[in-house]
Amino acid sequence: MSKLIRFFTKILDICRLVPMLPVVVIAAIPLALLGDWRPWGNAMAIPVLGNPGFGQWLVIALVLIIVIDTVRGMIDDLRHGQVGVDVLAVVAILSTVAVAEYWASWAVTLMITSGEAIEEYAQAKAERSLTALMEAAPQTAHVVNLPGVGRGSAADKGDSSDGFRRVGSASAAAAAQRFDTVPVEQVQLGDVLMVLPGETVPVDGELLSGTATLDLSNINGEPVPREVFAGARVMSGAVNGSTALTMRATQVAADSQYQRILELVASAQESRPAVVKTADRLAVPFTVLSLVIAGVAWAVSGVPTRFAQVLVLATPCPLLIAAPVAYIAGTGRLAAAGVLIKAQDVLENLGRVTQVFFDKTGTLTVKQPQVVRVEMLPGAAAQLDGDHVLMMAGVVESYSVHILSKGIAKAGTEAMARLRRQSENDGRPCPESDAVWFGVGREHPVVKDINEEAGKGVSGEVNGHVVRVGRLSFAAAGKDGFLTAGNADPTGPRHDLRPGTEAAGGTEEDILTRFGLLQPDEMASYVSIDGRLIARIVLRDVPRANARTALAKLHALGVARLAMLTGDKRASADIIANEVGIDEVHAELFPEDKVAAVKSAAEDGNAVTMMVGDGVNDAPVLAVADIGVAMTDGTSTAASESAQVVIMTDDIAAVPRAIAIARRTKRVMLQAVIVGLALAVIGMIVAAFDLIPVVVGAFLQEAIDVVSILWALTALIDRD
């Protein structure tokens, strides 16, 4: 029963989209029952038309309505620079009336109205992913109106010159209501908003609640909800978790993240790629060809009906409908894959890419340097291992803003988990009095006295031990300012050495010699505990896990040249290039050098260049490439002015996937057009020899349209 209800619901939806369709269908009843009924006798005889019956007059009326509407649409198309080729339908339907083939006239009106319905269905099917994005857009916001919190609190809440606010009965009443629900467009900068469980964040803002869990899948496709903390940026389009959150608006709706995404989608939907424009132009010679075949058939046979027989099979729908439907389907598939384009011309160019240039840091590699190993200071006997060092360093680095801090903090968190598992597996948890190393006994570290010296390092006290992380001169400096290094036992009394051990001092060069040389692409932070240098943490730019696979797929797709453009040193760039499979490396470049490199590649007339970067510091080179691709995780501005393509998933694998989708889209479009036009031409030739009756031809033309459009919709199928 539910399936039957859904079926009739869809039928009603189609009738709402094309109101003339049910009228045309119902008109078949009087045409069949009262077609030749003439209660007026011969009083309404008209030249050319003769004396149609009651049901036939209804069909003529429908024909006039549809012709007028079609001509109006053709004129509107011409005003917008598009070729109005529905002239074939107009001539075909008028010719069937002129030769008194009223059932054929009815069939052509049905063809036109049902064709509109099929087009609407195909467009909706192709735009499903894009429509889902738009439907998820936030519509309302809850603006908090508590005393001293909401907008205008200083002016409207009774603030006085002495700096104290007067809270009266009106404020108490407002407090009882807590928030006002307003359209999202009315949210102002600085408004405090409440987002209820399961609701969509209406605008970009700053989190005021202690913590919140947000589903970012609508923004960047991230499958796992992200936990954020007070002060974090909250993006519009994110879905709140199971608890209400409060936030302060930092952007109005029009400037928020989700609105930028919708603007990209809207611009792509409204644009027409060059290949579709070409299809429009091809419709003109097809119209001329159809009229020639129909005219020759009439002239040779001497039968006017033959003209109508041919024209009812002349359908430009494969050009007018199938081509744009295929491209909208491709745009929808890209959106589902987390790739947004600013115009459908970009989709066409994507399929023609011959050269791809990549930025290194953050594009071929992860965004922050990652810890690759911990080197204990040779000759310094300590009870700590690499995980203990990482854990202690990670705790203090989590308070730092230095470029290396996030990598060390992440590695410290992982080390902490390993130590905890090791303790649980050994079954030897230390008593609290002795469990001074977090990860062995304590559930949370006791941290205090965090201090960061810009350009040098960060220090702090963790579980009673002083930890310093940063440059060698910072980490190894003693109280007197000189470097110290030795066989410290950090588990002993602070600044104490065990009997039989001595502090081994030395210059910075001596200590570096003991550690050994770093590779060209490596960097290090040094760690001292309780005033004794104990280890160094080595970090490097690590290639994305799927970078090599993604680049191999680009080669498999026929992309001839993969290049890296980076301002980094040649040695570092070569190492990453070898690891991911880059063909050529351009290192130590300034922004203008990157632009020159892409322009030089574009001088080859057949080359189509793509530049993949972060969309911010690569703006000049993104703009000069044929296709600029900005990779983002949704936390940066998606609508980069210089990029034509935005990858919202921050996944390099989306680059070859986007090219594959673009190529398949164009291939399917051409197949749909060629198949549709070939069937139409064959049908017209057969009809010219009087082998297809007018009525049958009208329905056959509708079948050709359906085949062409359904073929175009196969662009939605994931075969890449």
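In the block above lies the structure referred to throughout.
Residues numbered from 1 in each chain as written. Predicted model: local features only at pLDDT ≥ 70, side-chain atom pairs only at ≥ 80, totals over all residues. Heavy atoms only, no water.

Engineer: How should I be thinking about the overall build of the chain in this particular structure?
Structural biologist: For the chain, the helix and strand inventory stands at 25 helices and 22 strands. Across the 720 residues that make up the chain, the buried fraction comes to 47%. When contacts within the chain are restricted to residue pairs at least 6 apart in sequence, long-range pairs at least 24 apart make up 68% of them. Of the roughly 33100 Å² of accessible surface on the chain, 59% is carried by carbon and sulfur atoms. (Helix = DSSP H or I, 4+ residues; strand = E, 2+ residues; numbered from the N terminus. Buried < 20%, exposed > 50% of the residue type's maximum accessible area, 1.4 Å probe, protein only. Contact = heavy atoms within 4.5 Å. Areas by Shrake-Rupley, 256 points an atom, 1.4 Å probe, with all protein chains shown as cover.)

Engineer: I keep staring at the pattern of salt bridges and nothing clicks. Help me out?
Structural biologist: Pairing of side chains with opposite charge becomes possible as their charged atoms draw close. Across all of its chains, the model carries 17 salt bridges by this definition. Notably, a salt bridge pairs D204 with R233, separated by 3.1 Å at the nearest N-O pair. On the criterion of sequence distance, the pair formed by D204 in the loop between β3 (192–195) and β4 (205–207) and R233 in strand β7 (residues 233–234) is long-range, its members being 29 residues apart. Given the relative accessible area of 37%, R233 is considered partly exposed. Note that E348 is salt-bridged to K666, the shortest N-O span being 3.9 Å. Note that E348 is positioned in helix α14 (residues 344–350) and K666 in helix α24 (residues 654–688), a separation of 318 residues in sequence. (Salt bridge = Lys/Arg side-chain N within 4 Å of Asp/Glu carboxyl O.)

Engineer: Help me out: how do you make sense of the packing of helix α12 (residues 304–311) against α24 in this one?
Structural biologist: The axes of two packed helices give the description: the angle between them and the distance between them. At a closest axis distance of 8 Å, the pairing of α12 and α24 adopts a crossing angle of 165°. Taken together, the axes of α12 and α24 lie roughly antiparallel to each other. In this structure, the crossing between α12 and α24 has a hand that is right-handed. Facing α12, whose interface residues are R306, Q309 and V310, α24 presents M684, A687 and A688. Grouping the amino acids of the contact of α12 with α24 by side-chain chemistry returns four nonpolar, one polar and one charged. (Axes fitted to C-alpha atoms, helices over the stretch in contact; angles between N-to-C directions. Parallel < 35°, antiparallel > 145°, perpendicular 65-115°, else oblique. Left-handed = near helix turned anticlockwise from the far one by under 90°. Nonpolar A, V, L, I, M, F, W, Y, C, P; charged D, E, K, R; others polar.)

Engineer: Whenever I open this one, the packing of aromatic side chains confuses me. Can you help?
Structural biologist: The geometry of two aromatic rings is summed up by the distance between their centres and the angle between their planes. Applying the stated criterion to the full structure yields five aromatic pairs. On the basis of an interplanar angle of 80° and a centroid distance of 5.6 Å, the ring pair of W103 and W106 is categorised as edge-to-face. Here W106 and W103 lie together in helix α5 (residues 102–126), a separation of three residues that amounts to about one turn. Overall, W106 belongs to the buried group, its relative accessible area being 10%. Where W106 meets F699, the ring centres are 6.3 Å apart and the plane angle is 55°; that geometry is what we call tilted. Of the two residues, W106 sits in helix α5 while F699 sits in helix α25 (residues 694–713), which places them 593 residues apart along the sequence. The class for F699 is partly exposed, based on a relative accessible area of 39%. One cation-aromatic arrangement involves R468 over F474; the distance from NZ or CZ to the ring centre is 4.1 Å. (Phe/Tyr/Trp six-rings, centres within 6.5 Å; stacked < 30°, edge-to-face > 60°. Lys NZ or Arg CZ within 6 Å of the ring centre and 35° of its normal.)

Engineer: Would you take a moment to explain helix α21 (residues 570–580) for this structure?
Structural biologist: Since one α-helical turn is 3.6 residues long, residues separated by three or four positions face the same way. S572, A573, I576, A577 and V580 are the residues of α21 that are buried. The buried residues of α21 all sit within an arc of 130° when viewed along its axis, so they share a single face. Of the surrounding elements, those touching the buried residues of α21 are α15 (360–364), β17 (532–540), α20 (547–556), β18 (561–565) and β19 (584–586). (Arc of directions from axis to C-beta.)

Engineer: What should I look at first to understand the packing of helix α13 (residues 317–336) against α24 in this one?
Structural biologist: Where α13 meets α24, the axes come as close as 9 Å, and the angle between the chain directions of the two elements is 165°. For the element pair α13 / α24, the angle class is roughly antiparallel. For the element pair α13 and α24, the recorded crossing hand is right-handed. Along the contact surface, α13 presents P318, L319, A322, A323, A326, Y327, G330, R333 and L334, while α24 presents R657, A658, I661, R664, T665, K666, M669, A672, V673, G676 and L677. A breakdown of the residues in the contact of α13 with α24 according to their chemical character gives 13 nonpolar, three polar and four charged.

Engineer: Honestly, the nonpolar core in this entry has me stumped. Any pointers?
Structural biologist: Note that soluble globular proteins tend to have their nonpolar side chains buried in a common cluster. Formed by 72 residues in total, the largest nonpolar core has its most connected members in L350, F358, I582 and M610. Sort the elements by how many residues they give to this core and α24 lands first, with 14 residues. For F358, the contacting residues outside a window of four places in its chain are T363, L364, L551, L554, L562, A563, M564, L565, I582, M611, V612 and I652. Among the nonpolar cores identified, the runner-up in size contains 28 residues, and L21, L31, I112 and A117 belong to it. (Core = buried A, V, L, I, M, F, W, Y, C linked by side-chain atoms within 4.5 Å.)

Engineer: I keep staring at the sheet that holds strand β5 (residues 211–215) and nothing clicks. Help me out?
Structural biologist: Neighbouring strands of a sheet are bound in pairs by backbone hydrogen bonds; such pairs are parallel or else antiparallel. Pairing is antiparallel across the open sheet formed by three strands, whose spatial order is β6-β5-β8. Looking at strand neighbours, the two that pair on one side only are β6 (226–229) and β8 (239–240), the edges of this open sheet. In the sheet, β5 pairs with β8 via two bridges, with the strands oriented antiparallel. Paired with D215 across the strands is V239, a residue of β8. (Pairing = 2+ DSSP bridges.)

Engineer: Please clarify how the pairing of β3 should be interpreted in this entry.
Structural biologist: If a strand is regular, its side chains alternate between the two faces of the sheet. The side-chain alternation of β3 yields two buried faces, one formed by V192 and M194 and the other by L193 and V195. As paired elements, strand β1 (residues 140–144) and β3 share two bridges and run antiparallel to each other. Counted as the bridge partner of V143 is L193 from β3. For β3 and strand β9 (residues 245–249), the ladder comprises four bridges, and the chain directions are antiparallel. Residue pairing for β9: V192 is matched across the bridge by R248.

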